[in-house]
Amino acid sequence: MPLALATLLLGGCQSLGAVGEAVGYYGQAVGGHLQLMRAARPVDDWLADPATPPALAGRLREAQQMRRWAVQALALPDNASYTRYAQLDRPAVVWNVVATPELSLALHTWCHPLMGCVGYQGWFDEARARAEAARLQARGLEVMVYGVPAYSTLGWTNWLGGDPLLDTFVRGAEDETARLIFHELAHQRVYVADDTRFNESYATAVERLGLARWQADQGRPVVDGTRAARLRADFLRLTRQARDELQALYARQDLSAAERRQQKAEVFARLRAAHAALKAGPWQGDARYDAWFARANNAALALQTAYDGWVPAFERLHAEEGADFARFHAAVERLAALPPDERRARLQALMAPVQPFTTRP
């Protein structure tokens, strides 16, 4: 997930109120990031410090191994990122706000100089994120706020020491730490202004493909053979079905808004019922997706589209490039250079022939 920083100049024609809001947002973004950078110390310093808990030292060594491996095996950038560590002692580094219209799966966007328009807004303070969400909800939008364990500054702050490792993602399972490092470094390799779905799907594909290769190199079962992956495949299947139904519903001009609202409620009811059936059956009571389904709305589904919508296309492109990551990134860069309509058409053409996620009948 990229984060807009206030080091970028405010651009465009804005009212005084809009300028004030932008200055407030960018101020917290810069202040939050600089506070994080001040808290970060080189990993070697943490490892040399006898006060560093042995478990943390082990995770930091693992993370450094992952980073070095990602440069060599995944052709990801070799820079200052993830060579420093900061202990935040909070559940997330930033809280994202996402929003959609009541009868649409189109993400509300926030636009920033150089970075372009993105379908989420990150806040270092949860209360301010929820205040922004409440403001958008008062305008009739559907909203969601969620904590994020890591973000990327797209390499723009490498001169300050790069994006640091954080306790918000090294304290998790080893595989999750690997995923996050691969994902965020991918944003530093290829990023397209004004195309959240392209950027996040590409980074998600890199994390999935990279994790499978990492696990194979470690002599472990690949990700798609794990229980977590099987549950995630079921989750993705359910959410894609619901998105398809809702997109078709919202496009129907022969129905009134009231009729679309009623049918929308029925779609979400079926989605939650399908989750309950999986939980009571094949999932054997696994509750890891309970919170997501409890708050499922347009915003949640639209965000899911951004992160996995083009993943099958990128996985197909990776296969077409002989599973060679350097060639794959170069092919993605060529896609990124295309006009938006051509880029989407090419990705759509890559989608059709493959079914990348393993699902149970």
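Residues numbered from 1 in each chain as written. Predicted model: local features only at pLDDT ≥ 70, side-chain atom pairs only at ≥ 80, totals over all residues. Heavy atoms only, no water.

The name given to the protein chain in an unreviewed UniProt entry is Aminopeptidase, with the source organism recorded as Pseudaquabacterium rugosum.

Observations regarding the sheet that holds strand 6 (residues 121–123)
The strand order across the open sheet formed by three strands is 6-3-7, and the pairing between neighbours is antiparallel. Where the open sheet ends on each side, the last strands, each with one partner, are strand 6 and strand 7 (142–148). In this sheet, neighbouring strand axes are inclined to one another by 25° on average, regardless of whether the strands run parallel or antiparallel. Pairing between strand 3 (residues 94–100) and strand 7: seven bridges, direction antiparallel. Across the sheet, the residue bridging to Asn96 is Tyr146, located in strand 7. Of the strands in this sheet, strand 3 and strand 7 touch helix 11 (residues 298–308), which is tilted by about 55° from strand 7. (Pairing = 2+ DSSP bridges. Helix = DSSP H or I, 4+ residues; strand = E, 2+ residues; numbered from the N terminus. Axes fitted to C-alpha atoms, helices over the stretch in contact; angles between N-to-C directions. Contact = heavy atoms within 4.5 Å.)

Details of the environment of Trp156
When you line up the elements, Trp156 lands in the loop between strand 7 and strand 8 (165–166). Accessibility expressed as a relative area gives 33% for Trp156, which makes it partly exposed. Each C-alpha atom, one on Trp156 and one on Gln188, is 8.9 Å from the other, the two residues being 32 residues apart in sequence. (Buried < 20%, exposed > 50% of the residue type's maximum accessible area, 1.4 Å probe, protein only.)

Examining the sheet that holds strand 1 (residues 41–42)
Pairing is mixed in the open sheet, where three strands are placed in the order 1-2-8. Edge positions in the sheet fall to strand 1 and strand 8, since each of these pairs with one other strand and no more. Note: strand 1 against strand 2 (residues 84–86), two bridges, orientation antiparallel. Residue pairing in the sheet places Pro42 in a bridge with Arg84 of strand 2.

Observations regarding unusual backbone geometry
With a phi angle near 65°, Tyr82 is a residue other than glycine that sits in the positive phi range. For Tyr82, a relative accessible area of 1% gives the class buried. At Gln284, a position not held by glycine, the phi torsion is positive, near 55°. Secondary-structure assignment places Gln284 in the loop between helix 9 (257–280) and helix 10 (290–294).

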